Amino acid sequence: MTEYRTEEYQINMGPHHPSTHGVCRLLLTMDGEKVIKVEPYIGYLHRSIEKICENRTYQMCIPILDRFEYVTAMSCNYVFSLASERLAAIEVPERAEYLRVIMLELNRIASHLIFFGTTAMDIGALTPFLYALREREMIMDLFEMTCGQRLTYNYIRIGGVSKDIQEEFIPKCREAIKIIDDKVEEYKRLLNGNPIWKARTIGVGKLDPDLAIAYGASGPILRASGVSYDLRRDDPYSIYDRFDYNIPTYKNGDVYDRYMIRLDEIQESCKIVSQALDSMPEGEIQAKVRPRFMPPEGEVYTRIENSRGEMGVYLRSNGTNKPLRLKARGGSYAHLQLLPEISTNCLIADLVAIFASFDIIMPEIDR
């Protein structure tokens, strides 16, 4: 039998590959179609968001942080506002807390719909992408009705929210979450029994729970590996302790489980939104905050459960109207370093699926 000599070679995945969204480069060392080594290179998008915020007033930071993780701008504004409120010991009105939870969970659903559509498309299925955008449009309509924006939702403020919801918001929101909850079952019927989908996702990119913890993974990535950890329950904030919902957890830690857990979370978020709409009280939507907001000297780190994992903001105040230091932690930043660990010896087509299942948003990396 003739033995053929093969040589390793290097190729670039990105920064223009669609699954890396134009701002990440993976240098791959290959042996045929087998991936021998993965080296992530970041730094193709420099925005200096943290330093810009240190030269702006606290209120002026909010529209800048919309762009930190643009798919979940509500979370970005919320975690910064929460940190500012803890620095200044501001108590947020109860109705504003309910409105925040509703918007955060709607934004989580919208983010997971983007994940569902783009992941399926990266693996080769176009129809789910069209379905996901169809349902996401209903949430975009609700956000536009509330704050006038469909992507960088500038709604949450220090001390509350910018305005109350319109009268027609509640019936439209109830209708939207009912439709979306039903459509998730349709998504599962569309893909879960498909033999190509199963071959491309089951057992691919398995992540051991110990490795996930060691690398600081969080969110759906961690829960798909069997670790039941969610900041809404385990480090409570806002009024999440008032709602009845489950924390979906899977055990295999592969692409399939990372896909399934997000579909389950969409349905759990629908439950939270429905309960919040049912029990939301009347009242004020904004605490009394001075126009020249100047929290006392001090520092705080605040974290929340973003759709991609733990999102945090470290704030340090020197008593002026501008942050002395701001450090932001994105929900998916820590997950990029896991790629070399779980992608070795996979096929290059599998690497596309693994990367897509991590749902990494690159702008949060180059902050």
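Note that the structure is predicted; figures quoted are calculated from it, not measured. (Residues numbered from 1 in each chain as written. Predicted model: local features only at pLDDT ≥ 70, side-chain atom pairs only at ≥ 80, totals over all residues. Heavy atoms only, no water.)

Student: Give me the lowdown on the overall build of the protein, citing residues and values where you can.
Tutor: Looking only at helices and strands, the protein features 13 helices and 8 strands. In summary, the protein has a C-alpha radius of gyration of 21 Å against a globular reference of 21 Å for 367 residues, a match within 12%. Projecting the C-alpha coordinates of the protein onto the three principal axes gives extents of approximately 80 × 45 × 35 Å. When the 367 residues of the protein are sorted by exposure, 56% land in the buried category. Contacts in the protein between residues far apart in sequence, at least 24 positions, make up 71% of those at least 6 positions apart. (Helix = DSSP H or I, 4+ residues; strand = E, 2+ residues; numbered from the N terminus. Rg over C-alpha atoms; globule rule 2.2 N^0.38 Å. Buried < 20%, exposed > 50% of the residue type's maximum accessible area, 1.4 Å probe, protein only. Contact = heavy atoms within 4.5 Å.)

Student: Give a detailed account of the packing of helix 11 (residues 255-279) against helix 13 (residues 348-358), specifying residues and quantitative values.
Tutor: Interhelical geometry of helix 11 versus helix 13 gives an angle of 30° and a closest axis separation of 9 Å. When the axis of helix 11 is compared with that of helix 13, the two are roughly parallel. Note that helix 11 runs across helix 13; the crossing there is left-handed. Residues V255, R258 and R262 of helix 11 pack against A353, I354, S357 and F358 of helix 13. Partitioned by chemical class, the residues of the contact of helix 11 with helix 13 number 4 nonpolar, 1 polar and 2 charged. (Axes fitted to C-alpha atoms, helices over the stretch in contact; angles between N-to-C directions. Parallel < 35°, antiparallel > 145°, perpendicular 65-115°, else oblique. Left-handed = near helix turned anticlockwise from the far one by under 90°. Nonpolar A, V, L, I, M, F, W, Y, C, P; charged D, E, K, R; others polar.)

Student: Could you give me a rundown of the sheet that holds strand 7 (residues 309-317), with the residues and numbers involved?
Tutor: Within the open sheet, the 3 strands sit side by side as 6-7-8. Their pairing is antiparallel. Edge positions in the sheet fall to strand 6 (298-306) and strand 8 (325-329), since each has one partner strand and no second. Ignoring which end each strand starts from, the neighbouring axes of this sheet average 10° apart. As judged from the 9 bridges shared by strand 6 and strand 7, these two strands associate in the antiparallel manner. By the bridge assignment for strand 7, G298 is matched with S317. Against the sheet, helix 3 (residues 73-88) touches strand 6, strand 7 and strand 8, its axis set at about 145° to strand 6. (Pairing = 2+ DSSP bridges.)

Student: Run through the pairing of strand 7, naming residues and quoting values.
Tutor: Here strand 7 lies mainly inside the structure; 7 of its 9 residues are buried. The antiparallel pairing of strand 6 with strand 7 creates a hairpin that spans 2 residues between the two strands. With 5 bridges joining them, strand 7 and strand 8 adopt antiparallel strand pairing. From the neighbouring strand, V313 faces strand 8, where its bridge partner is A328.

Student: Summarise the side chain of S218; cite the residues concerned and give the values.
Tutor: Position of S218 among the secondary structure elements: in the loop between helix 8 (209-214) and helix 9 (219-223). On the accessibility criterion, S218 (5% relative accessible area) is buried. Polar side-chain contacts of S218 include one of 2.8 Å to the backbone nitrogen of E310. In this structure S218 touches R308, G309, E310, R329, G331 and H335, once residues within four positions along its chain are discounted. (Polar contact = N/O pair within 3.5 Å; in protein donor to acceptor, adjacent residues only side chain to side chain.)

Student: I'd like a rundown of the side chain of N192, residues and numbers included.
Tutor: Within the element layout of this structure, N192 appears in the loop between helix 6 (169-191) and helix 7 (195-201). Given the relative accessible area of 17%, N192 is considered buried.

Student: Quick one: what's the story with helix 4 (residues 94-123), residue by residue and with numbers?
Tutor: What sets the pattern is the α-helix's 3.6 residues per turn: residues three or four places apart point alike. Here helix 4 contains 30 residues, and its C-alpha end-to-end distance of 44 Å stays within 8% of the 44 Å for a straight helix at 1.5 Å per residue. Burial within helix 4 is extensive, with 27 of its 30 residues counted as buried. Of the residues trailing helix 4, G124 is marked for its positive phi of about 130°. (Expected span 1.5 Å × (residues − 1).)

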